[in-house]
Number of protein chains: 2
Amino acid sequence: MMHSFEEGMMPETTVNNGVNVGALLLAREALRAAPQAAKFTWRASCRWQNGTHSKTNVKGFFGLGEEQKHKTEFSFDADHPEIFASEDLGVTPVEFVLVGLASCLTAGVAAVAQNRGIQLRSVEAKLEGSMDIQGILGIDSDVRNGYDDIKVTFKIDADASKKEIEALVAQSQKRSAVYDIVTNPTNVQVEVV
Amino acid sequence: MMHSFEEGMMPETTVNNGVNVGALLLAREALRAAPQAAKFTWRASCRWQNGTHSKTNVKGFFGLGEEQKHKTEFSFDADHPEIFASEDLGVTPVEFVLVGLASCLTAGVAAVAQNRGIQLRSVEAKLEGSMDIQGILGIDSDVRNGYDDIKVTFKIDADASKKEIEALVAQSQKRSAVYDIVTNPTNVQVEVV
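Residues numbered from 1 in each chain as written. Chains lettered and ligands numbered in written order. Predicted model: local features only at pLDDT ≥ 70, side-chain atom pairs only at ≥ 80, totals over all residues. Heavy atoms only, no water.

**Section: the interface of chain A and chain B**
Many structure descriptions define interface size as the accessible area lost when the parts assemble.
Then, number 1: At the interface, 126 residues of chain A touch 126 residues of chain B.
Then, number 2: Between Asp-132 of chain B and Lys-39 of chain A there is a salt bridge, with the nearest N and O atoms lying 3.5 Å from each other.
Then, number 3: Joining chain A to chain B, the criterion identifies 60 residue pairs in polar contact (both at pLDDT 80 or more).
Then, number 4: In terms of strand pairing, strand E4 (residues 120-132) of chain A meets strand E1 (residues 39-50) of chain B through 9 bridges, oriented antiparallel. Looking at E1 of chain B, one finds that Ser-130 of chain A is bridged to Thr-41 of chain B. (Contact = heavy atoms within 4.5 Å. Salt bridge = Lys/Arg side-chain N within 4 Å of Asp/Glu carboxyl O. Polar contact = N/O pair within 3.5 Å; in protein donor to acceptor, adjacent residues only side chain to side chain. Pairing = 2+ DSSP bridges. Helix = DSSP H or I, 4+ residues; strand = E, 2+ residues; numbered from the N terminus.)

**A word on the packing of helix H2 (residues 93-115) of chain A against helix H2 (residues 93-115) of chain B**
Then, number 1: Where H2 of chain A meets H2 of chain B, the axes come as close as 8 Å, and the angle between the chain directions of the two elements is 175°. Regarding the angle of H2 of chain A to H2 of chain B, the classification is roughly antiparallel. Here H2 of chain A contributes Pro-93, Phe-96, Val-99, Gly-100, Ser-103 and Cys-104 of chain A to the contact with H2 of chain B, which in turn contributes Pro-93, Phe-96, Val-99, Gly-100, Ser-103 and Cys-104 of chain B.
Then, number 2: Here the residues of the contact of H2 of chain A with H2 of chain B are counted per class, giving 8 nonpolar, 4 polar and no charged. (Axes fitted to C-alpha atoms, helices over the stretch in contact; angles between N-to-C directions. Parallel < 35°, antiparallel > 145°, perpendicular 65-115°, else oblique. Nonpolar A, V, L, I, M, F, W, Y, C, P; charged D, E, K, R; others polar.)

**Comments concerning the sheet that holds strand E5 (residues 149-158) of chain B**
Then, number 1: Spatially, the 6 strands line up as an open sheet ordered E3(A)-E2(A)-E1(A)-E4(B)-E5(B)-E6(A), and their pairing is mixed. Sheet topology places strand E3 (66-78) and strand E6 (188-192) of chain A at the edges, where each strand pairs with a single neighbour. In this sheet, adjacent strand axes meet at a mean angle of 15° when their direction is disregarded.
Then, number 2: In the sheet, strand E2 (residues 53-63) of chain A pairs with E3 of chain A via 9 bridges, with the strands oriented antiparallel. From the neighbouring strand, Lys-55 of chain A faces E3 of chain A, where its bridge partner is Asp-77 of chain A.

**Some remarks on the sheet that holds E4 of chain A**
The strands making up a sheet associate through hydrogen bonds between their backbones, and the pairing can be parallel or antiparallel.
Then, number 1: Strand order in the open sheet formed by 6 strands is E3(B)-E2(B)-E1(B)-E4(A)-E5(A)-E6(B), and the pairing between neighbours is mixed. Since the sheet does not close on itself, it has two edges, and those belong to strand E3 (66-78) and strand E6 (188-192) of chain B, each with one partner. Here the strands of the sheet are splayed against their neighbours by 15° on average, with no regard to which way each runs.
Then, number 2: Set on the sheet, helix H3 (residues 162-175) of chain A makes contact with E4 and strand E5 (149-158) of chain A together with E6 of chain B; between it and E6 of chain B the angle comes to about 155°.

Limitation: the analysis is restricted to geometry and does not speak to function.
See below:
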């Protein structure tokens, strides 16, 4: 997420990956003139259910200077699997991070391909995040809580050379919001009211 | 995620937050004796649909020395909203990061409360992530692509003092996998096959 544009390139009309690059280039010009409208706030609202099970809803956000909302409210169950004595009513929180990273890089590939006039036929990404749970269980304080490494493997079928496909993926990484969030430190403030 | 244990504390049997702390303390002892079993790999498999829309499936993972799987396969649509000329068929990738962070800290609060003998009645977390989309749009290369700040606000009703509730949240942060992933750098390797 979101889009990965390069200056001075024009979309080719014969290629259709379903990304409206023309509208996005116009949006970019509009935001260049009114940078305040580029300030977004994304939101999520989580409610504990029982044990490690929670439900998180996503609907409203702020951007382009005003309140916005998704067409529908989306709701996500998170839980731990049965091997952790939980009920497995949803994916784990760390798997949600993989979902965000996968979808961000994939949307980026589609947007860059559109902008470069490359027709995509299929894009698949497999993600693997390795983690030593001695960290979260408090067994060894030298072991971090989060992923020690995430590997993303793309398989892309497109009207392009291997080099061009690799360049699509590289440009998607360069402009990916979630790739940035995961690979660089992000400030999180937690408070109790 | 996952659990936030402290040495030398015992669960009180009169408190029930739905977290099986006894089983988890046994698991911790087992993993202390066999640390290799603590190495987990979490996976997600993403397939591009059209435009910025993708579907990511989550089912199998590796842990406790063998292949594991969730009881069901979970599938997540991601997309961009209509204001970005997309179809809004799912939440954005950056919102999935908020879902992961919210659910991780919330499950942690439940597990720590159980371990400290504190009965929870309700736990709500509101998350807000601010982002200047000049970064992802390539307008200003000094603006980062990801969140510049995430704020988490907990509202907790429990049989405990304000100080004890704040301490629950602090301990959950200390052991949270997603909090660690977001606040600290995590290596991501991307390759094309």
